[in-house]
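# Breakdown of the fold
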Amino acid sequence: MTTYSVRSGDTLSGLAQRYNTSVASLQKTNHIANANLIRVGQRLTVPDGFQAAPSKAGSYTVRSGDTLSGIAGRHVTTVR
């Protein structure tokens, strides 16, 4: 089992995608009744057999005049 500490902005659906699992599996393993209620600092257990998906994330400092679509286009990604 892997343990993950929830950070600001995390969602169960995002974590499920990152760890190649499902929201339902994370909810069941961590006894979470409402998938929309997780707290910063909360420790979640990720079931064995899942590995973190490679991250393509980087950092970018927003400048005056930037738009999400413009940033996404320059970094070959989507707004989503």
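Residues numbered from 1 in each chain as written. Predicted model: local features only at pLDDT ≥ 70, side-chain atom pairs only at ≥ 80, totals over all residues. Heavy atoms only, no water.

## Description of the environment of Asn-36
In this structure, Asn-36 sits in the loop between α2 (23–30) and β2 (43–46). Separated by 23 residues in sequence, Asn-36 and Ser-13 place their C-alpha atoms 9.2 Å apart. (Helix = DSSP H or I, 4+ residues; strand = E, 2+ residues; numbered from the N terminus.)

## Here's the deal with the pattern of salt bridges
Taken as a whole and judged by the stated rule, the model has 1 salt bridge. Notably, a salt bridge pairs Arg-18 with Asp-10, separated by 3.8 Å at the nearest N-O pair. Judged by relative accessible area, Asp-10 falls into the buried class, the value being 16%. (Salt bridge = Lys/Arg side-chain N within 4 Å of Asp/Glu carboxyl O. Buried < 20%, exposed > 50% of the residue type's maximum accessible area, 1.4 Å probe, protein only.)

## So, the confidence of the model for the chain
Residues shown with low pLDDT carry predicted positions that ought not to be read at fine detail. Mean pLDDT for the chain: 83, with 85% of residues reaching 70 or above. Mean pLDDT per element in the chain: helix α3 (residues 68–74) is the minimum at 79, and β2 is the maximum at 93. (pLDDT = per-residue confidence, 0-100.)

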